[in-house]
Amino acid sequence: MLIADDLNKLLEILPDFVRYPLEKHSQRKYLIEVVMDLGRRPEARFPDGPEYLSSQNIEWHHLDHCIKQLGHFSSDNRSGIEYTLHRISSIRNRKGSIVGLTCRVGRAIFGTISIIRDLLEKGESLLLLGKPGVGKTTAIREIARVLADEMEKRVVIIDTSNEIAGDGDIPHPAIGRARRMQVARPELQHQVMIEAVENHMPEVIIIDEIGTELEALAARTIAERGVQLVGTAHGNYLESLIKNPILSDLLGGIQYVTLGDDEAKRRGSQKSVLERKAAPAFQIAIEIHDRKSWVIHEKVDQTVDQILNGSLLFFQRRKFNNDNSIIIDCETSNATEFNNFPSLSSRPQNFITNSNINISSLSNNISRKVNLTNTRITNGINEYKSSKFSSLISDFSQVKISPDKPLLVYLYSLNIKQIETTIITLQLPIILTKDIIKADIILALRSSVKHNTKLRQIAKSKRVTIYTIQSCTLPNVIRAFKQILKVDNLLGLNWYYLLNGKTYLEQEVLLETRFAIEKIIFLKQQSIELLPRSVILRKLQYNVIDYYDLKSCSLGEEPNRRLKIYID
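Calculation criteria
- Residues numbered from 1 in each chain as written.
- Predicted model: local features only at pLDDT ≥ 70, side-chain atom pairs only at ≥ 80, totals over all residues.
- Heavy atoms only, no water.
- Helix = DSSP H or I, 4+ residues; strand = E, 2+ residues; numbered from the N terminus.
- Buried < 20%, exposed > 50% of the residue type's maximum accessible area, 1.4 Å probe, protein only.
- Contact = heavy atoms within 4.5 Å.
- Areas by Shrake-Rupley, 256 points an atom, 1.4 Å probe, with all protein chains shown as cover.
- Salt bridge = Lys/Arg side-chain N within 4 Å of Asp/Glu carboxyl O.
- Pairing = 2+ DSSP bridges.
- Arc of directions from axis to C-beta.

Draft legend 1. Region of interest: the overall build of the protein. The helix and strand tally for the protein stands at 19 helices and 28 strands. The burial tally for the protein puts 50% of its 568 residues in the buried class. When contacts within the protein are restricted to residue pairs at least 6 apart in sequence, those whose partners lie at least 24 apart make up 62%. Carbon and sulfur atoms make up 48% of the accessible area of the protein, which totals about 27500 Å².

Draft legend 2. Highlighting the pattern of salt bridges. Enumeration over the complete set of coordinates arrives at 22 salt bridges. Here Arg 318 makes a salt bridge to Asp 118, at a shortest N to O gap of 2.8 Å. Of this pair, Arg 318 sits in strand 18 (residues 312-320) while Asp 118 sits in helix 4 (residues 117-121); the two residues are 200 residues apart in sequence, bridging distant segments of the chain. Judged by its relative accessible area of 37%, Asp 118 is partly exposed. Among the ionic contacts, a cluster of salt bridges with common partners joins Arg 117, Glu 121, Glu 142, Arg 145 and Glu 150.

Draft legend 3. Main features of the pairing of strand 9 (residues 126-130). The buried fraction of strand 9 is high, at five of five residues. Neither face of strand 9 is left uncovered, since the one carrying Leu 126, Leu 128 and Gly 130 and the one carrying Leu 127 and Leu 129 both have all their residues buried. Examined bridge by bridge, strand 9 and strand 13 (residues 228-234) share five bridges and lie parallel to one another. The residue of strand 13 that forms the bridge with Leu 128 is Thr 232. Pairing between strand 9 and strand 16 (residues 284-290): four bridges, direction parallel. Residue Leu 129 lies in a different strand from strand 16, and its bridge partner there is Glu 287.

Draft legend 4. Local environment of the environment of Ala 139. Mapping Ala 139 onto the fold places it in helix 5 (residues 136-150). Spatially, the C-alpha atom of Ala 139 lies 9.1 Å from that of Phe 110, the residues being 29 residues apart in sequence. Not counting residues up to four positions away in its chain, the partners in contact with Ala 139 are Thr 112, Ile 113, Leu 128 and Trp 294.

Draft legend 5. Molecular detail of helix 10 (residues 300-309). Within helix 10, burial applies to Val 300, Thr 303, Val 304, Ile 307 and Leu 308. The buried residues of helix 10 all sit within an arc of 135° when viewed along its axis, so they share a single face. The positive-phi residue at the C-terminal boundary of helix 10 is Gly 310, with phi of around 75°.

Structure representation (structure tokens):
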């Protein structure tokens with residue numbers, strides 16, 4: 001990658017006691033910004049953290065020295081240095097006097113968008129998401145150059161704060177042949193967006209920091225006119241944009257919809273659900289988590305629908321290696337119900353390698369610590385030993401499931417999210433479909449099928465077998481899948497031989513571990529602490545946990561040392 005930063009021009013406007021330490025600094029090329037506040041020591045900020053540049057405090061005449069060398073500060077308190085990409089932002093007191101400056105280094109980094117070059121060639125609209133300072137503006141500046149110079153498209157940049165093409169009337173060479181339209185005041189950005197389409201016949205419009213309802217509406221209007229959009233917005237994840245009432249229109253907007261009884265049963269959901277209102281203005285969304293790791297959602301409409309439905313999400317993670325080569329990983333995330341989103345700072349990232357999904361990838365990232373008392377564990381073990389669960393243990397045999405092609409299963413009046421989780425947990429060759437015509441099998445709740453003649457007629461005409469279960473519990477679902485796939489054991493672990501020859505205490509420990517994994521970790525999506533056990537018994541527990549490909553750790557001191565099975 002080639003980097004152009006014109007750093008010397010920024011250093012020239014700084015007072016001597018601030019400039020000299022930076023000119024000799026070993027990390028100068030990584031400088032992010034310089035902060036000067038009245039009555040405080042000047043501070044330089046680097047990726048590794050801030051550091052003071054002098055023991056001398058900033059005074060009025062130091063700030064005046066900088067301000068006199070800058071252009072006019074706009075209504076959003078931003079200015080710049082002509083022919084550079086640097087941005088200087090001011091802090092004012094109640095009287096309007098400037099009492100602080102943030103001098104942010106602007107860099108043109110050529111080659112940053114090679115990671116998404118294939119997406120640009122599709123000609124679809126792109127939305128870049130990320131927290132401030134992660135490199136969104138640098139990315140769209142390079143996108144503008146590539147689209148204008150290498151793909152020879154008519155590109156117009158709406159440069160509200162002169163941050164993309166630099167300060168002054170002549171745009172910075174980093175944008176190539178792209179044209180730049182400046183905005184007199186930030187609140188007029190939406191008008192300039194529409195003006196660009198009406199007056200200058202662009203093929204691509206580039207907008208930085210879409211942040212108001214009017215700007216979101218203008219973006220939708222431009223998209224409907226067939227112009228390719230490239231824009232940025234603040235937000236770490238796509239979910240955060242959906243929850244933002246102002247910007248959710250960029251993704252099509254959301255609304256409450258009341259379902260009919262049959263449709264609610266078919267989905268296995270409540271009658272009032274959230275759905276996408278319209279087609280999104282952007283077809284592709286890119287989450288920039290750091291400069292070398294980007295998450296790609298190639299079909300925003302489908303991703304938004306999956307998030308609202310609480311379905312399993314599939315997305316790409318593209319990374320730069322140190323040698324500038326690119327790695328593309330396919331990953332999954334368990335989308336929770338929309339009203340119960342996980343913390344946006346810790347979405348689970350789960351890798352799929354050769355189509356084998358780790359069981360740990362199914363865990364919800366809301367880790368709620370569950371301390372079970374001795375009574376609750378004992379009750380659970382007794383329940384597991386009862387006849388209701390014994391059939392899952394007694395006659396399992398080792399069977400390898402490898403059909404020629406996966407079965408398409410249509411669910412009726414069942415919890416789609418729970419069934420989906422079970423399928424991927426056990427790595428079953430089953431795909432859920434919403435089209436009953438394409439289904440090979442129908443799996444339904446027995447009470448719902450009994451009075452649904454239409455469903456039975458369709459199944460009869462298409463010669464599709466209907467499998468029913470009494471309730472949507474894990475044992476019932478596993479039994480149904482065993483019948484559908486015509487196998488005896490879905491889990492692959494031969495519990496009969498595992499328990500054979502073990503003492504009563506060892507059997508109890510093994511069953512306790514299995515109960516915790518299948519009934520708490522998988523079904524309730526909660527972390528759990530097992531009962532205190534000796535070293536030998538904990539080793540048996542470790543073996544079972546390792547088979548399920550889960551993670552655990554030891555807690556406490558002997559004789560109360562115990563295992564905790566946790567969620568990534």
